[in-house]
Amino acid sequence: MTTRRHFNATLLAAGAALATPLARANDDTAIHVLVGLIVFALMLPMKLDFLAAGMIENIGLYWHFVDLVWIFLFPLLYLF
């Protein structure tokens, strides 16, 4: 009985060790997406003119950076 408990505890610890980086990556991605959505929402009432073009471009670059990071994280964490 003790061996079985030890085996189950070992599996639980191994599963937690593997799940922690995945949960952290998901949390980081969710925070970045939330920040991006908030920035987009703040941009909606702006008048779209030449002065706002740089800010709009930077917001788009930020959004695509988050996408690019997730494209690399997904295969690394879920498929391997």
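See the structure printed just above.
Residues numbered from 1 in each chain as written. Predicted model: local features only at pLDDT ≥ 70, side-chain atom pairs only at ≥ 80, totals over all residues. Heavy atoms only, no water.

Draft legend 1. Focus on the overall build of the protein. A count of helical and extended segments in the protein gives 2 helices and 0 strands. Taking all 80 residues of the protein together, 10% fall into the buried category. (Helix = DSSP H or I, 4+ residues; strand = E, 2+ residues; numbered from the N terminus. Buried < 20%, exposed > 50% of the residue type's maximum accessible area, 1.4 Å probe, protein only.)

Draft legend 2. Expanded view of a nonpolar patch on the surface. There is a patch of nonpolar side chains on the surface, built from Leu68, Ile71, Phe72 and Leu76 and spanning about 440 Å² of accessible area. Inspection of the secondary structure assignment puts phenylalanine 72 in helix α2 (residues 53-79). When its relative accessible area of 54% is taken as the criterion, phenylalanine 72 is described as exposed. (Patch = residues over 30% accessible without salt bridge, like charges linked within 9 Å, V, L, I, M, F, W, Y side chains within 5 Å. Areas by Shrake-Rupley, 256 points an atom, 1.4 Å probe, with all protein chains shown as cover. Salt bridge = Lys/Arg side-chain N within 4 Å of Asp/Glu carboxyl O.)

Draft legend 3. Up close: α2. Between its first and last C-alpha, α2 extends 39 Å over 27 residues, near the 39 Å set by a 1.5 Å rise per residue. The sharpest bend along α2 reaches about 25° and sits at leucine 73, with the proline proline 75 one to four residues further on. Taken together, the buried positions of α2 are Ile59, Gly60 and Val66. (Expected span 1.5 Å × (residues − 1). Bend = angle between axes of the 7 residues up to and from the residue.)

Draft legend 4. The arrangement of the environment of methionine 55 in detail. In this structure, methionine 55 sits in helix α2. Here the alpha-carbon distance between methionine 55 and methionine 43, two residues 12 residues apart in the chain, equals 9.0 Å.

Nothing here speaks to function; it is all geometry.
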